[in-house]
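Residues per chain, in single letters:
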Protein chains: 2
Amino acid sequence: MRISDAITAYILHRMEETGDGTAELQRNVLAEQLGCVPSQITYVLTSRFTPAQGYIVESRRGGGGYIRIQRVKWEPDLPPLMHVVNSIGEELVPAAAQAILENLVSQKLLRPETARVIGAALTDQAYRQIPADQRDKLRAALMKQMLTAVNV
Amino acid sequence: MRISDAITAYILHRMEETGDGTAELQRNVLAEQLGCVPSQITYVLTSRFTPAQGYIVESRRGGGGYIRIQRVKWEPDLPPLMHVVNSIGEELVPAAAQAILENLVSQKLLRPETARVIGAALTDQAYRQIPADQRDKLRAALMKQMLTAVNV
DNA sequence: TACTCCTGATAGTCAGGGAAAGTCAAAGTC
DNA sequence: GACTTTGACTTTCCCTGACTATCAGGAGTA
C-alpha cells in the first residue's frame, strides 16, 4: 500500500464529503495524520491533481496557510474541452495553439473574448525572458491550465 | 483563523456600507475591537490595500487622526483596462494578481469567466518549470498581455 | 492678539520570531 | 526506467512590541 494512494484516497474522500467537489487541507496536519513527510503531499498534488486530470490546486503559505483542491465540473456540452486538454502534449507550438483556439471558437465551445485572452498568453511576445527551448513546454502548461479554468 | 482576514473583511464591509467605496477608521479603535495590536492594521493595509491592488490609503496622525481607504474608480474612458495594465510593474506576485482580478470583476470590467482564465495562467501551478526567481516577471508580462487582449 | 512651547493622542516603522507551504536532489522501490 | 519517498533548506505570510514621527489644542508669555 503506497502512501501516495492513501493521500489520493483521502483527498477524494474529502471532496465527496464536502459535496461541492472541493477539499481544503493543511499540509503538515495531513502529513502528520498519514504518517509521511509534508513534501509527500506536494508530490501527490503535482502528480495526480493536475489540470490535465481535471483539478485546480491553490494554496497559501504562512500562518493559517492551506491547500485547496477543486475538481472541475464539466458541463454536459463541454467535455470536448477536456479532450482538447488531454490531447495537448508536453509541448505546444504557437501555430497549433492558435489553430486549437480558432477551432474551439468556431465550435462555440469558447467565447471569442476568452479565446483572445488565452491566445495572448500563448504568444512568444510574452515569453521574452524565457529561453526559446522552453517556451513550447510553458505554452502547453498554460494552455491546459487556462482551458481547465474555463468551466470551473 | 487569521486576524488579517477579519480586518480585511471589516474594511471591505465598511466600504460597502458607505456606498461610495470609502472606509474611514481609527487604527487604535479597530485594533481594540478586533483584539490585535495596532500595527497589525498597518500590516493589512500595506499588504492588501496597495495601489497596485486598486486602493488608495491616506491617513493622519495625532489627535483626531484617522485612516481612510478608498477603492480606485477606473475611469470609464477607453481603453478601460489600460490603467490597470500601466499600474503593473515589472513583477507581480500571485496575491496581488488575484486581488487585481477580484477588483476588476467587482467593478464589472471583467467577466468572472475571463478572470478565472487569467487567474489560472497566473498561478505558480503553471510555472513549475520556470525558475522561482523569474516567475513574478513572467506573471507581470502575462497579465499585461492578457488584459490588453480583453478589449481589442 | 500673536507667538512659542508643552502634552496627549494618534499613526508609522522596523526587526524579529513563528507558522505554514514550496523546492530540489538524493535515495529507495517495483 | 519510472515512480515514490525522504529531509534539509527556502520562501512566504502573519503577528507582536518597542520605538519613532506627527498632529491638534491648550498653557504660558508678552
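Numbers given to residues run from 1 along each chain, matching the order in which its sequence is written. For this description, chains carry letters from A and ligands carry numbers from 1, given in the order in which they are written. Only residues with pLDDT of 70 or above have their local features reported here, since the model is predicted, and side-chain atom pairs are shown and tallied only from 80 upward, although totals for entire chains, interfaces and linings are computed over all residues. To get the side-chain values, all heavy atoms of the structure are used, and hydrogens and water are removed first.

A. Geometry of the packing of helix 6 (residues 112-122) of chain A against helix 6 (residues 112-122) of chain B. Helix axes are fitted to C-alpha atoms over the stretch in contact, other axes to C-alpha atoms as well, and angles between N-to-C directions run from 0 to 180 degrees. The numbering of helices and of strands both runs from the N terminus, where a helix is a DSSP run of H or I of at least 4 residues and a strand a run of E of at least 2. Helix 6 of chain B packs onto helix 6 of chain A with a crossing angle of 20° between their chain directions and a minimal axis gap of 10 Å. In terms of their interaxial angle, helix 6 of chain A and helix 6 of chain B are classed as roughly parallel. With respect to the hand of their crossing, helix 6 of chain A and helix 6 of chain B are arranged in right-handed fashion. On helix 6 of chain B, the residues that touch A:E113, A:T114, A:V117 and A:I118 of helix 6 of chain A are B:E113, B:T114, B:V117 and B:I118. Here the word oblique covers every angle except those under 35 degrees (roughly parallel), over 145 (roughly antiparallel) and from 65 to 115 (roughly perpendicular). Rotating anticlockwise by less than a right angle from the far helix to the near helix defines a left-handed crossing, while the corresponding clockwise rotation defines a right-handed one. Note on contacts: a residue pair is in contact if any heavy atoms of the two residues lie within 4.5 Å.

B. Looking closely at the protein's contact with DNA strand D. Nearness of a residue to a molecule or strand requires only that one of the residue's heavy atoms be within 4 Å of it. Residues in contact with DNA strand D amount to 26 residues; listed here are only the nearest, A:S4, A:Y43, B:Y43, B:R48 and B:R60. Per the 4 Å cut-off to the protein, sugar and phosphate atoms form 63% of the nearby atoms of DNA strand D. One nitrogen or oxygen atom from the side chain of A:S4 is found 2.4 Å from a phosphate oxygen belonging to DNA strand D. Here a phosphate oxygen of DNA strand D and a side-chain polar atom of A:R48 are 2.6 Å apart. Secondary-structure elements contributing two or more residues to the surface near DNA strand D are helix 1 (3-18) and helix 3 (38-48) of chain A together with helix 1 (3-18) and helix 3 (38-48) of chain B. For this classification, Asp, Glu, Lys and Arg are treated as charged, while Ala, Val, Leu, Ile, Met, Phe, Trp, Tyr, Cys and Pro are nonpolar and the rest, including Gly, are polar. A per-class count over the surface near DNA strand D returns eight nonpolar, ten polar and eight charged. Whenever a nitrogen or oxygen atom comes within 3.5 Å of another N or O atom, the pair is scored as a polar contact, on the condition that within protein one atom can donate a hydrogen and the other can accept it, and that pairs from neighbouring residues in sequence are kept only if both atoms are in side chains.

Geometric descriptors of this kind do not, in isolation, establish any biological role.
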